[in-house]
Amino acid sequence: MATLYHWTHPHVPEEKIPYWFKRSIVGEVWHLIRKGICQNIAPNCVLTPVRIGLYRLCGFKIGKGCFIGMKCYLDDLCVDKIVIGNHVTISYGVYFACHGRKQGHNRIVIKDGAYIGMRANITARHDLEIGADAVVGAGTLVNKSVPDGATCVGVPGRVITCYPPCEVEG
């Protein structure tokens, strides 16, 4: 498709060609199917094992024994950047964003046993990690890493407790 773009835009250099023209036709069709599954079918599926299976089909790395609630948004442009450990609970309506305007595509890693409350927003301006057995409160905006065993609440998220005691970033 890049050749088609060059044919219609002969003065545009190679590095300025939009990314969607660099995919093959099959790659673009799979992208559209994956987007439909990630944004329309999986979040609205009432059966948790089927919902998690659909997210895995799209390419997300999800561990064993996880729960992902309905109406969650997992960033479909960064399926390789979101890693969810074992026995993680992600409540209803949680949003994960790995990219944004004028920033790269960053990793979000959720370690084993973490709990993320309803309607939390996990926004990775830089690579971000939610520690093992950490708790993210409902409605929290997480924009930096949360240590193992910590409880994070608020907008923006602040660590209020940590077990065992941990170093808390300012």
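What you are looking at is a predicted structure, and each value in this text was computed from that prediction instead of being measured.

Let's shift gears to the packing of aromatic side chains. With the rule as written, the count across this model stands at 3 aromatic pairs. Note on tyrosine 55 and phenylalanine 60: the rings are 6.0 Å apart at their centroids and 80° apart in plane angle, and the pair reads as edge-to-face. Tyrosine 55 sits in the buried class, given a relative accessible area of 0%. Its relative accessible area of 4% is what places phenylalanine 60 among the buried residues. Ring centres 5.7 Å apart and planes at 35° place the aromatic pair tyrosine 73 and tyrosine 95 in the tilted group. Taken together, the residues tyrosine 73 in strand S3 (residues 73-74) and tyrosine 95 in strand S6 (residues 95-97) connect sequence positions 22 residues apart. The exposure class assigned to tyrosine 73 is partly exposed, which follows from its relative accessible area of 23%. Take tyrosine 95: its relative accessible area is 39%, and that puts it in the partly exposed class.

You can see lysine 35 is positioned in helix H2 (residues 25-41). The partly exposed category is assigned to lysine 35, whose relative accessible area is 35%. In this structure, the C-alpha to C-alpha distance between lysine 35 and valine 142, residues 107 residues apart in sequence, is 24 Å. Setting aside residues up to four positions removed in sequence, lysine 35 forms contacts with Asn40 and Asp76.

Here H2 is 17 residues long and its end C-alpha atoms lie 23 Å apart, about the 24 Å a rise of 1.5 Å per residue gives. Here H2 has its buried residues at Glu28, His31, Arg34, Ile37 and Cys38. Packing partners of the buried residues in H2 comprise helix H3 (48-58).

On to the packing of H2 against H3. Two numbers describe how H2 lies on H3: the axes approach to 10 Å, and their chain directions differ by 155°. Judged by the angle between their axes, H2 and H3 are roughly antiparallel. Of the two elements, H2 crosses H3, and the hand of that crossing is left-handed. Listed contacts from H3 to Trp30, Arg34, Ile37, Cys38 and Ile41 of H2 are Leu54, Tyr55, Leu57 and Cys58.

What counts, and where the lines are drawn
Residues numbered from 1 in each chain as written. Predicted model: local features only at pLDDT ≥ 70, side-chain atom pairs only at ≥ 80, totals over all residues. Heavy atoms only, no water. Phe/Tyr/Trp six-rings, centres within 6.5 Å; stacked < 30°, edge-to-face > 60°. Buried < 20%, exposed > 50% of the residue type's maximum accessible area, 1.4 Å probe, protein only. Helix = DSSP H or I, 4+ residues; strand = E, 2+ residues; numbered from the N terminus. Contact = heavy atoms within 4.5 Å. Expected span 1.5 Å × (residues − 1). Axes fitted to C-alpha atoms, helices over the stretch in contact; angles between N-to-C directions. Parallel < 35°, antiparallel > 145°, perpendicular 65-115°, else oblique. Left-handed = near helix turned anticlockwise from the far one by under 90°.

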